[in-house]
Structures are given as structure tokens and as C-alpha cells.
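# Close look at the chain arrangement
Take a look at the letters that make up each chain.
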Amino acid sequence: MTRREQLLDRIRPVLVCPTCRGPLVERGRDLACATCDLVVKRDGAFRFAGLSEETQNADWLNSVKAVAKHRLGRLYPLAMNVLAPVYGDAGLDAFLDSFADDAIVCDLGAGTRSYDDRVVCVDGFGYKSVHVVCDLVALPFADGSLDGVFSEAVLEHVPDPVAHVAEMLRVLRPGGRVHCYFPFMQAFHASPHDYSRLTIPGLRKLFEGFTDCRTWVAGGPTSGLVWTLQEWLAIAGSFGSERLYRALVPLTWVLSPLKYLDAVLIKHPAAHTIASGFAIEATKPGGAPGR
Ligand SMILES: [Zn+2]
């Protein structure tokens, strides 16, 4: 049995119907809801209803990114690290290291990111590395069934972040922990949609159902400025032409290395005023933290 199959077997007991939260029964290799007749295909991943191709292609930059994600696979996050105007550390490695080997930790909105065998990749699109394909609005996990969840630059793409955070709270066990990166000063970037930005107090309010909240600047102030400047240059230099604007955007990426100034500036006490993004970690009340 491959390690991937082992991981799928390990999460099978915590899967429920995302529509009625009823138990799922085996139907051949697939799963089916005993109550509402939903069928979940199992072929290297559990395939609940994800997002449609039309949704993926609704925005021009997002459809370019979608092609790049499929072509580059695991190299895509690496390419984004170099080309993106954002510098900072969300502290995800430390968060993941803090869990025991048998913990179930889910990346909600994983895209093409993948990790060690412990992390379950959940996404609306069936990229190769994804283990559970589903709509993030209704997670197919039982109440109190997960040890950890994290969300890296995903919540701004969810139409109702309050409802999504309520889902995180529902699926975590008491004492289970969440890690979230949320952008603040970032240009519009649909993936497939883009709805919101938050300040640190806004992020704390969003996670008010949790306890032990810790927040920090995870994308620096230069990053906030550079991304805005890149967009401004493409707008100002394209004289009203959307075609020219689209051609200019990739050229402005030569300015992205300015982001490395944030190695110093991210530590400034006022960095949060124009920071590119913030991270939060918090615990579901009512249980022993750790694990
Ligand atoms: Zn059902």
C-alpha cells in the first residue's frame, strides 16, 4: 500500500457527508451517504463536489495561474516564492512540527502545495497532490475530528470567511489548533475569486470563537508597497488598454526582489500599518492543547 493510500485510510473514519453530515458507507471502492445518496469517488483522492472549471477560468490571471499550477505541479509554489512580491514567514513549519506523528492536520485550500505524510491536502480543485476534493464551504469532516487545520492565503478567496472559520471550529477537536495567513495590503488577485482583506484586529474578531490567539506580521510593509506599485505601474503605463496592462504586469515582477528589504522592516513596530499580510494561531476551547 502506498503512503498516499495509507493517509486516505487514516482519514476515512473522520469523513462524513458534507450535505447532511450523515455517515458514509462503502460502495465498492467509492463511498456513499446512507441518507442523501451523495456518492464520493475514491481514486487516489476522495472526490466530493469541488469547484467547476468555469469558476476556475472566470478571472484571466487565475486561469493563467491554473495552467501554471497544472504544468509546474510542485514547482509552482517555488516559482511563486521567487516571482511574488511578498516576503515574510507565516511560521507554518513550526506549527506543523508541533503536532504528533499520528495527528490529523488539514491544509484547507492546499492548491498544489504538499507536505509530509501527516498533512491532508484539501482543495476545491483536484490537483494531483490533493487528498480531499470538496467545497470549503461545507467540509466533509465529522465534528471535533481533526487535531489541526491551516489556511494559507485562502480565506480572502472564500465568499463567507465567518462561515468558513465556523467550519474550522466545528471540525477541530477541543484543544485542536488553527493556523491562518490572511492578506492585508495586497492587490486584487482572484483564485478563483477575491473578496476581502483584514487588519490584525479584524483577524482577531474573525477568530473570536477560539482561545489563546497569537497574531503577527507575516508579510512585510515593503511587500505591501511593491505589489501596489507593480499594479500602479501597469495601470499608468497601459494608457487605458487592458491588453497592454496584462502584458505589463509580468514585466513589473522585476521589482519583486525589493521585498527582501522586509527582512529588516518586518520587525518594525509599525510594520502592521501597511503589512502585506498577517498570521494567527489559536486553539479551540475546551480541551488540552499540545499534541
Ligand atoms: Zn448526505
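Presented here is a report on the structure given in the accompanying data block. Please read these numbers as outputs of a predicted model, since none were measured by experiment.

## Topic: a nonpolar patch on the surface
A cluster of nonpolar residues, L258, L261, V264 and L265, forms a patch on the protein surface that exposes about 350 Å² of accessible area. You can see L265 is positioned in helix 10 (residues 262-265).

## Overview of the coordination of the zinc ion
Every protein donor of the zinc ion is listed here as C17 (SG), C20 (SG), C33 (SG) and C36 (SG), and their distances to the metal cover 2.1 to 2.3 Å. Around the zinc ion, the four donor atoms sit at angles spanning 97 to 130 degrees, and that spread fits a shape best called tetrahedral. We note that the donor set of the zinc ion lies within a single chain, spaced as C-x2-C-x12-C-x2-C. Placement of the pair is C17 in the loop between helix 1 (3-11) and strand 1 (24-27) and C33 in strand 2 (residues 30-33), with a sequence separation of 16 residues. Take C17: its relative accessible area is 0%, and that puts it in the buried class.

## Topic: the side chain of D262
Note on placement: D262 falls in helix 10. Despite its burial, D262 pairs with no opposite charge; the closest candidate is K259, at 9.3 Å N-O. A polar side-chain atom of D262 sits 2.6 Å from a polar atom in the side chain of T222. Excluding residues within four positions of it along the chain, D262 makes contact with Y87, G220, P221, T222 and S223.

Thresholds, definitions, all that
- Residues numbered from 1 in each chain as written.
- Predicted model: local features only at pLDDT ≥ 70, side-chain atom pairs only at ≥ 80, totals over all residues.
- Heavy atoms only, no water.
- Patch = residues over 30% accessible without salt bridge, like charges linked within 9 Å, V, L, I, M, F, W, Y side chains within 5 Å.
- Areas by Shrake-Rupley, 256 points an atom, 1.4 Å probe, with all protein chains shown as cover.
- Salt bridge = Lys/Arg side-chain N within 4 Å of Asp/Glu carboxyl O.
- Helix = DSSP H or I, 4+ residues; strand = E, 2+ residues; numbered from the N terminus.
- Donors = N, O, S within 2.8 Å, 3.2 Å for Na, K, Ca; no water.
- Tetrahedral: all angles 85-135°; square planar, octahedral: opposite > 155°, others 65-115°.
- Buried < 20%, exposed > 50% of the residue type's maximum accessible area, 1.4 Å probe, protein only.
- Lys, Arg positive; Asp, Glu negative; His and termini not counted.
- Polar contact = N/O pair within 3.5 Å; in protein donor to acceptor, adjacent residues only side chain to side chain.
- Contact = heavy atoms within 4.5 Å.

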